[in-house]
Amino acid sequence: MTETNVNGYRRYNGFLHQVYHVAWSDMMFLKHNFWNTLVMTIMSPLLYLIAFGYGLRTGTTDIGVSYVAFVIPGIMSLSSLSSSFASTSTRLNVQRLYYKSFDEMVMCPLSMSAIVLGKSMLGLVRGMLGCFLMYALGLFLAPDLQLTPLAVICVILSCMVFSMLGVLAALLAKSHQSMATFNSLIILPMTFLCGTFFSVSSLDPIFQAVLYCLPLTHASGCIRAACLPQVLEFPWWSLVVLVVFGIIVFLICRHLLKTRKI
Amino acid sequence: MSEIIEIKDLVKRYGDKVAVNGISFTVHEGELFGFLGPNGAGKTTTVRCVSTLTNITSGTVLVDGVDVVKDQIGAKRCMGVIQQQVSLDKDLTIRENMISHAMYHGMGKQERNARIKELTDYFGLEEYLDKPVDSLSGGWKKRAAIVCAMLHQPKVLFLDEPTSGLDINARRLLWDVVKKLNQSGTTIVLTTHYIEEAQALCDRVGIIDHGKIIALDDPKALIERTGKIAVENMVDGKTEYHYFPSMKDAQDFVADNGLDDATVRKTNLEDVFVELTGKSVGDQK
Ligand SMILES: Nc1ncnc2c1ncn2[C@@H]1O[C@H](COP(=O)(O)OP(=O)(O)O)[C@@H](O)[C@H]1O
Ligand SMILES: [Mg+2]
């Protein structure tokens, strides 16, 4: 799709323009609610850090770093899931079922891929906000943590994947209630079990196998290893799993939109 | 006259339920076309099919010569749709709603600012621009929604029951808006279950019931076909209606049958509808 002219004005219909145009209203929403959002975004990770990182006082882990250094990457991956997923899915759900403004957008000449990606931007931004604030705090509190480009990439990827999962959940939801159910059956267990607060390798193999079916296990594995490169080897295959998971979620969303099964 | 919308054998099923049952009609460029029918007749479903919001079970729909199934994006460029319910984003201001709409159509900053200015002046919306959606009354929200749908200069505008839920004054004001838009060259397809609305506004009216079009013509022709003059008289507590092509025929009928207390009046669209369907619009649900 190229740029066209209407009445002497240029129209911007390129793919990236479309993604930006879809995301714009959500960015305005974020702007209107910035402080509120900021507090909500950092509150729960901060509580987790205090409760698990300091409250439990477990000292040093078996990989040789302090538990705080171990748990901070876990909390980062947790907030990449909970913040990204929740903000994207809640907003889209409201726009689709209550405001009906999602219908308005679907009636406009936009590619369905641009809609999926554009609608993921809110969660991506919020997730990154939470993760990077936590990361900054971690670099300050735990000297073992390192700032690496790979960690930044993993955080962004993880936020994007879970934000798209939020789009998918909102497209499938029949009501606000079904969103809440999805949240407590899938999202909440994931946040606690997937290698966020304890190492998955300490569990027995059957349980491990189950956890490795969940995307957050891979995200937390990647983020932790990228933050602690001196003691952990980076699990490249987990990165691949995460990317593949993201692509599958994207394709399902696009399919749902294209066939109007929404 | 060229046809801007051509619908052929449109069928839409939801599971076993047939919402639209094989309708065909065309809308001429520049006209104000009315789609009249009771609740549940299939008006909204038809609009949703045409505007690509839902997929079509069978049949074809061409808007400005573009097939809405084969070239969705092309079709979307030439139409604007105002849904039955208010569908503005309530977390944004009116202006932000307009800007995001313009953006969905790829409009750059200059163009969208110019269009928003032009249309809000036209609709008298300036003072509401920076207010949250919910601070506006129903009629003003509707106007804001019309501005959103008009920003990209569509050739056809669909208005799904634009006045349902509005009070009488707001409804009259909105009628003027619709007429004015039509006079400035936009083809308008309007659905309604208010007979007087169809009669007051539309060049041609299609009457839809149970997913089928049962009559389609200009309101005058529909009335003439039924009979221009109506005679109402009570027989055993039940009103009987008779229709006549002229006043003279009606008066002769009254005189011949000695119906001194019968009402003789002009036939209206409601009579046509009742004649065609054997029941009154708005009588159900
Ligand atoms: N999403 C849907 N699922 C199932 N049935 C529907 C759906 N939407 C509309 N219908 C049915 O289709 C028929 C036509 O509805 P609609 O087009 O909304 O009527 P109108 O707009 O003329 O009042 C109704 O009987 C309605 O119950
Ligand atoms: Mg309707």
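Below, the structure is looked at part by part. (Residues numbered from 1 in each chain as written. Chains lettered and ligands numbered in written order. Predicted model: local features only at pLDDT ≥ 70, side-chain atom pairs only at ≥ 80, totals over all residues. Heavy atoms only, no water.)

**Points about the overall build of chain B**
Of the regular secondary structure elements, chain B holds ten helices and 13 strands. Across its three principal axes, chain B shows a C-alpha extent of roughly 75 × 45 × 35 Å. Relative to its 285 residues, chain B shows a buried fraction of 52%. Considering only contacts within chain B whose residues lie at least 6 apart along the sequence, 65% involve residues at least 24 apart. Where the 35 positive side-chain charges of chain B centre and where its 42 negative ones centre are 6 Å apart. (Helix = DSSP H or I, 4+ residues; strand = E, 2+ residues; numbered from the N terminus. Buried < 20%, exposed > 50% of the residue type's maximum accessible area, 1.4 Å probe, protein only. Contact = heavy atoms within 4.5 Å. Lys, Arg positive; Asp, Glu negative; His and termini not counted. Charge placed at Lys NZ, Arg CZ, Asp CG, Glu CD.)

**A short note on the pattern of salt bridges**
All names here are of chain A. Taken as a whole and judged by the stated rule, the model has 19 salt bridges over all chains. One salt bridge connects lysine 119 with aspartate 26, and the closest N-O pair in it is separated by 3.1 Å. Taken together, the residues lysine 119 in helix α5 (residues 112–141) and aspartate 26 in helix α1 (residues 15–32) connect sequence positions 93 residues apart. For the pair lysine 119 and aspartate 26, a shared accessibility class is recorded, and that class is buried. (Salt bridge = Lys/Arg side-chain N within 4 Å of Asp/Glu carboxyl O.)

**Looking at helix α3 (residues 94–104) of chain B**
Residues and elements named next belong to chain B. The element α3 is largely enclosed, with a buried count of ten among its eleven residues. For α3, every residue scored as buried is listed here: Ile94, Glu96, Asn97, Met98, Ile99, Ser100, His101, Ala102, Met103 and Tyr104. Downstream of α3 by one or two residues, glycine 106 has phi in the positive range, about 75 degrees.

**Topic: the packing of aromatic side chains**
Throughout the structure, instances matching the rule amount to 16 aromatic pairs over all chains. For the ring pair phenylalanine 25 of chain B and phenylalanine 35 of chain B, a centre distance of 5.1 Å and an interplane angle of 40 degrees mean the geometry is tilted. Here phenylalanine 35 of chain B lies in strand β3 (residues 32–36) and phenylalanine 25 of chain B lies in strand β2 (residues 17–28), a separation of ten residues in the sequence. The residues phenylalanine 25 of chain B and phenylalanine 35 of chain B share a single accessibility class, namely buried. An aromatic cluster is present here, built from Tyr48, Phe52, Phe192 and Phe197 of chain A joined pairwise through their rings. Looking at arginine 91 of chain A, its charged tip hangs above the ring of phenylalanine 29 of chain A, at a distance of 4.3 Å from the centre. Cation over ring: lysine 12 of chain B sits above tyrosine 14 of chain B, and NZ or CZ is 5.0 Å from the ring centre. (Phe/Tyr/Trp six-rings, centres within 6.5 Å; stacked < 30°, edge-to-face > 60°. Lys NZ or Arg CZ within 6 Å of the ring centre and 35° of its normal.)

**As for the site of ligand 1**
Residue and element names in this part refer to chain B. Taken together, Tyr14, Lys17, Ala19, Pro38, Asn39, Gly40, Ala41, Gly42, Lys43, Thr44 and Thr45 are the residues near ligand 1. Contact distances for ligand 1 include 3.1 Å between an oxygen atom and a side-chain N or O atom of lysine 17. Taken by itself ligand 1 offers 560 Å² of open surface, and the protein chains cover 64% of this. The element best represented in the shell around ligand 1 is helix α1 (residues 43–50), accounting for three residues. Among the residues forming the shell around ligand 1, the class breakdown is four nonpolar, five polar and two charged. (Near = heavy atom within 4 Å. Polar contact = N/O pair within 3.5 Å; in protein donor to acceptor, adjacent residues only side chain to side chain. Areas by Shrake-Rupley, 256 points an atom, 1.4 Å probe, with all protein chains shown as cover. Nonpolar A, V, L, I, M, F, W, Y, C, P; charged D, E, K, R; others polar.)

**So, the coordination of the magnesium ion (ligand 2)**
Residue and element names in this part refer to chain B. Within the protein, the magnesium ion (ligand 2) binds to Thr44 (OG1) and Gln84 (OE1); these donor distances fall in the range 2.0 to 2.3 Å. Linking threonine 44 in helix α1 with glutamine 84 in the loop between β6 (79–82) and α3, this pair joins segments that are 40 residues apart in sequence. On the basis of relative accessible area, threonine 44 is assigned to the partly exposed category, the value being 28%. Judged by its relative accessible area of 30%, glutamine 84 falls in the partly exposed class. (Donors = N, O, S within 2.8 Å, 3.2 Å for Na, K, Ca; no water.)

**Regarding the interface of chain B and chain A**
One frequent convention defines the size of an interface as the accessible area lost when the parts assemble. Contacts between the two partners involve 35 residues from chain B, matched on the other side by 32 residues from chain A. Buried area between chain B and chain A, summed over both chains or domains, comes out near 3300 Å², and the portion from carbon and sulfur atoms is 54%. Summed over the shared surface of chain B and chain A, the number is four salt bridges. The tally of links between chain B and chain A comes to 13 residue pairs in polar contact (both at pLDDT 80 or more). Counted by class, the side of chain B that touches chain A contains eleven nonpolar, 16 polar and eight charged residues. (Buried area = accessible area lost by both parts, 1.4 Å probe.)

**A few points about the environment of glutamate 118 of chain B**
Within the secondary structure layout, glutamate 118 of chain B lies in helix α4 (residues 109–123). Note: C-alpha distance between glutamate 118 of chain B and threonine 46 of chain B (72 residues apart in sequence) is 31 Å.

**Some thoughts on unusual backbone geometry**
Phi angles above zero are rare outside glycine, and lysine 100 of chain A is one such case at about 65 degrees. Although it is not a glycine, aspartate 64 of chain B sits at a positive phi angle of roughly 50 degrees. Within the secondary structure, aspartate 64 of chain B is located in the loop between β4 (58–63) and β5 (66–67). The exposure class of aspartate 64 of chain B is partly exposed, given its relative accessible area of 30%.

**Focus: the environment of isoleucine 115 of chain A**
All names here are of chain A. Following the sequence through the fold, isoleucine 115 ends up in helix α5. Taking the C-alpha atoms as reference points, isoleucine 115 and leucine 257, 142 residues apart in sequence, are found 8.9 Å from one another. Sequence-distant contacts of isoleucine 115, defined by excluding residues within four places in its chain, comprise Val22, Phe102, Met105, Leu110 and Leu257.

**Remarks on the side chain of arginine 143 of chain B**
Structurally, the position occupied by arginine 143 of chain B is in helix α5 (residues 138–150). Contact partners of arginine 143 of chain B, with chain neighbours within four places excluded, come to Phe123, Leu125, Leu173, Leu174 and Val177 of chain B.

**Let's talk about the sheet that holds β2 of chain B**
Residues and elements named next belong to chain B. Pairing within the open sheet is antiparallel, and its four strands lie in the order β2-β1-β4-β5. What marks the edges here is a single partner per strand, and that holds for β2 and β5. With two bridges connecting them, β4 and β5 associate as antiparallel partners. Among the inter-strand pairings, valine 63 is bridged to a residue of β5, identified as valine 66. Across the face of the sheet, α1 comes into contact with β1 (3–14), β2 and β4 while running at roughly 115 degrees to β1. (Pairing = 2+ DSSP bridges. Axes fitted to C-alpha atoms, helices over the stretch in contact; angles between N-to-C directions.)

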